[in-house]
Structures are given as C-alpha cells and as structure tokens.
Number of protein chains: 2
Amino acid sequence: MAPVKIPDIVVGRLPLYLRALEIMVDDNREITSSQELGDRLGISSAQIRKDLSQFGEFGKQGTGYNVSFLVKKLKEILHVNKTWPMVLVGVGDLGRAVADYGGFTPRGFKVETVYDSDPQKIGKQVGTFTIRDASRLGDDLAKNGIKIVMLAVPTASAQDVADRVIKAGVTAILCYSSTSISAPSKVHVEYIDPVLHLQRMTYYMR
Amino acid sequence: MAPVKIPDIVVGRLPLYLRALEIMVDDNREITSSQELGDRLGISSAQIRKDLSQFGEFGKQGTGYNVSFLVKKLKEILHVNKTWPMVLVGVGDLGRAVADYGGFTPRGFKVETVYDSDPQKIGKQVGTFTIRDASRLGDDLAKNGIKIVMLAVPTASAQDVADRVIKAGVTAILCYSSTSISAPSKVHVEYIDPVLHLQRMTYYMR
DNA sequence: TAGATTGTTAATCGATTAACAATC
DNA sequence: TAGATTGTTAATCGATTAACAATC
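Read on for a plain summary of the structure. The structure presented is a predicted model; accordingly, all values stated were derived computationally and were not measured.

Things to note about the side chain of A:His197
Its location among the elements puts A:His197 in helix 8 (residues 194-202). Overall, the relative accessible area of 18% leaves A:His197 in the buried class.

Spelled out as structure tokens, the structure:
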C-alpha cells in the first residue's frame, strides 16, 4: 500500500490555512468551520474539507474544527513544529531586508548567518549579523547541516551560487533573484519576484 | 463573438516567459524555441506554444520565435509597454527594501511615493523618498490616478488600509502583509509571503 | 529537398465542486 | 430531537500533453 501522493497544489494551500488559523488563535477563536475559513481565504469550503481530509479527520460533524488543534496538526504536517535554521546569501538592499525580517522566527524559521562575496561587505554588520565570506558557504553549510538557503544575489550569479549550495547538501532554495534556476529534482526551489505579481495584475488593467 | 476568456493560470505564466526572454535579450540571443524556453523554465514546450497561441501567431515553423519580437508582444499583452506609477504604504524594514528595490523600473513599474502613519516617520527620508502621512492617501491616489498600491503594513492594519485605497480608486494591490484581505472582484490582489514558500518546501523535508 | 518547429486538435489527466449520508 | 457541519463520493470542469499536419 503505497502512501497516497498528495498533490503539490494541495500542499501549497496548507500554509495558507495555517496562516489564517494562527490569526484566529490570536483572536482567541476556539472553533472554526470550513465555511468560515474558506470565506476568509476565498476558497470553497468543499476544497478545504477535501484538502484536510487527505491527512486525517480533524473536524467534528456539526461543530467544525478546533482551531489550536488544527494549527498543531498542520504544523506537524508541514514540519514546522521545530525551527529550521537558514542562511542568506547576498546582502544588497533586498538581502538586508530579508535578514532583518521579523516574520520568520514566529513561523518556524531562523536566519543563522548571512553571506556576501563583496570584500567591501565581508566582516561588516547587518542588524545582528556579521557578514561572512561567501566562499566559506560550502564548508559552513555542510558543517552546520543547513538545508535551507535564501538567495538574494544578482541575477547573473544566482545559478552559480545555487550549484554551490546544492553541492553542500542544501535541499531547499528560496530565490529572490529574478531568474529561474535549474536544480536536481530532489532540491526544492521556490521563487519570489514581485514584478511577476504586478505584471499578472496589469494584464487585466487598461 | 465574445472574446475568448484567457485562463488566469495562463496569464500567470506570461510574466515568467517575459522574464526569461529578457535575459535572452541581454545575452544577445535573436531566436529561441518553445523547447529551449521550456527547458529553462521547467515547463513543457507544448504548454508554451499553447499559451502563446492564445494571443496570436508569434513564431515561424521550422525556426522558432524571434526573441525581441516576442518580448515586445508580451509587453503589449501584459500592458507593461508603459510604466505604471505605484505607491507604497508602510515603511518598516520590509517597506524600506521595497522602496529601494531597483528591479521595478526596468520592468514597467515605478514607486512614486511612500506613506506611513507613524508620526515619528512622516517627513523623514527613505532613499529618495520623503515619507508622507498615510492619512493623505485617499486624496493623493485619486488626484494622481494611481491604480497600484503595495502594502507593507502590519498584518492587523492591512485590511483597513486596503479598504481605504480601494475607495480611492486603486484596482491592484500587492500585499506583503502576512494575511489575506478581502476586496471587490474588480480589484486584483496578489500576495508575497516568503514563509508560505518555505513551509511548502519543508513539507517535503525531514 | 530534408530538417526543424510551430499552431492546433483530441485524448488524457487532474482538480474542483456539488451533494449528501454520517454523526456530533 | 433538530440543526449544523464534517468527510467522501461521483460528476463536472478545466488544464496539460501527445501527436501531427502545416510550413518555414
């Protein structure tokens, strides 16, 4: 009995559910329903029930879902019931903001170290971090067992840096550079490019 | 004859094609094929041909696509053959980086003004911008005909600010706050939340 | 002409939704 | 019990892919 393969698109919605539920926790909500959650997220209640049911029976007929219980379950499923150490490569304007971003820690992630290859920057402080030489990435990553890297390097060097961190055992890359990178299928790559979102919207605008 | 409705999912891929093609322009590539483009993006060549053919016949059998011609066409389709003025609301660490980000201008967007509601910040400089009082948003947006707003405000005030800018005629919101906002269907909302991407990846990791 | 690649069709595949029995 | 909401099935809907004629 092969464990049923959960579709990627379902996995992609779970963090959205978790985020909405954590806001409900902050608001001291104890119970919610697929209907309410769906209304908040613009997703049908049927889809939410179907997605969740892939992982277990978390609700009660007639009542709904216990918010903190569902939060706990989703954190387990997404493996964010622990904190993942990450490193950041590239400390330009964007990298600086990523390093300072306060939103990682409460949600399961922590920036451990930041790197740059510019000799002018190496050794300087960025927030609480001392910028390390990017040429040390290989050794450091392997030694500290880091699995997640965020890239905020110039477009032209993104692939090169990606190749190097992958060689050092990294299996997840969050790429802020405006380019696609190629990686073996065992390595997960996600992208953040605000312009892609903007252009998607202007398509519909005059 | 109703103009055929292009699926949202197709529209969402066009900016990706445009981005890859612009990199090819920089590399002085004159011609490409759906095969090559697909390889770079991890998308099947059939899908690329099908997507593009929704908008016209841009290629030549046996040859492929002229890169700069296709760039020109995609810019027209996405309405980024002009520059869209935008404003940014919220100048914390994240907002500061968004304001300084150099990637908007070459790709069809420009930050015109930045706003915050913190009296401590109003009047201060951020890069080349003087922070304006967020209470002026309503008047300013309407007067300058701004249609696009980027939100980098605290989660708790995102909905409130969104409501106000929508009232002032804004039809596109790029939301960096970690929450979903509700808006009339004529208003386009896109989200950027790095943690959602990270959690999507850790699902697959031990 | 031979080789290559588009644009498009039809088939396949997968995701969403509607509906409802089960049950709290 | 009556009302509400889940979990799940089957039907619908939509997206992707394989294949190939057209043609450069």
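Additional details are given in the paragraphs that follow.
Re helix 2 (residues 34-41) of chain B
Residues and elements named next belong to chain B. Residues of helix 2 that are buried include every one of Ser34, Leu37, Gly38 and Leu41, and no others. Projection of helix 2 onto a plane perpendicular to its axis shows the buried side chains occupying an angular sector of 100°, all on one side. Next to the buried residues of helix 2 lie helix 1 (8-26), strand 1 (31-32), helix 3 (45-53) and strand 3 (64-66). One or two positions beyond helix 2, positive phi appears at Gly42, with a value near 70°.

Some words on the relation of the copies chain B and chain A
Laying chain B over chain A is done by rotating through 180° and shifting 0.0 Å along the axis; what remains is an RMSD of 0.0 Å. Such a turn and shift between the copies fits a two-fold axis. Residue B:Ala97 of chain B places its C-alpha closer to the rotation axis than any other residue of that unit, at 2.8 Å. Both copies share a contact surface, since 100% of the interface residues of chain B are interface residues in chain A too.

Regarding the protein's contact with DNA strand D
Residues in contact with DNA strand D amount to 25 residues; listed here are only the nearest, A:Ser34, A:Arg49, A:Gly59, A:Tyr65 and B:Gln47. The share of sugar and phosphate among atoms of DNA strand D within 4 Å of the protein is 61%. Separating a phosphate oxygen of DNA strand D from a backbone N or O atom of A:Phe58 is a distance of 3.0 Å. Side-chain polar atom of B:Ser44 to a phosphate oxygen of DNA strand D: 3.1 Å apart, as the coordinates give it. At the level of secondary structure, the elements contributing two or more residues to the surface near DNA strand D comprise helix 3 (45-53), strand 2 (59-60) and strand 3 (64-66) of chain A together with helix 1 and helix 3 of chain B. Looking at the surface near DNA strand D, the element that brings in the most residues is helix 3 of chain B, giving four residues.

Considering the pairing of strand 10 (residues 172-175) of chain A
All names here are of chain A. The alternating pattern of strand 10 places Ala172 and Leu174 and Ile173 and Cys175 on opposite faces, both of which are buried. Sheet topology note: the strand 9 (residues 148-151)/strand 10 ladder contains four bridges and is parallel. Residue pairing in the sheet places Met150 in a bridge with Leu174 of strand 10. For the crossover from strand 9 across helix 7 (residues 155-167) to strand 10, the handedness is right-handed. Both strand 10 and strand 11 (residues 188-191) contribute to a ladder of four bridges, which runs parallel. In the sheet register, Ile173 faces strand 11, and the bridge partner there is Val189.

Some details on the sheet that holds strand 5 (residues 109-116) of chain A
Residues and elements named next belong to chain A. Strand order in this open sheet of six strands is 8-5-4-9-10-11, and the pairing throughout is parallel. Edge positions in the sheet fall to strand 8 (132-133) and strand 11, since each has one partner strand and no second. Sheet analysis places strand 4 (residues 84-89) next to strand 9, joined by four bridges and oriented parallel. Bridging from a neighbouring strand, Met86 pairs with Ile148 of strand 9. Where helix 6 (residues 137-144) meets the sheet, it contacts strand 4, strand 5, strand 8 and strand 9, and its direction lies at approximately 175° from that of strand 4.

Rules and cut-offs
- Residues numbered from 1 in each chain as written.
- Chains lettered and ligands numbered in written order.
- Predicted model: local features only at pLDDT ≥ 70, side-chain atom pairs only at ≥ 80, totals over all residues.
- Heavy atoms only, no water.
- Helix = DSSP H or I, 4+ residues; strand = E, 2+ residues; numbered from the N terminus.
- Buried < 20%, exposed > 50% of the residue type's maximum accessible area, 1.4 Å probe, protein only.
- Arc of directions from axis to C-beta.
- Contact = heavy atoms within 4.5 Å.
- Least-squares fit on C-alpha atoms with pLDDT ≥ 70 in both.
- Near = heavy atom within 4 Å.
- Polar contact = N/O pair within 3.5 Å; in protein donor to acceptor, adjacent residues only side chain to side chain.
- Pairing = 2+ DSSP bridges.
- Right-handed = clockwise from strand over helix to strand, strands pointing away.
- Axes fitted to C-alpha atoms, helices over the stretch in contact; angles between N-to-C directions.

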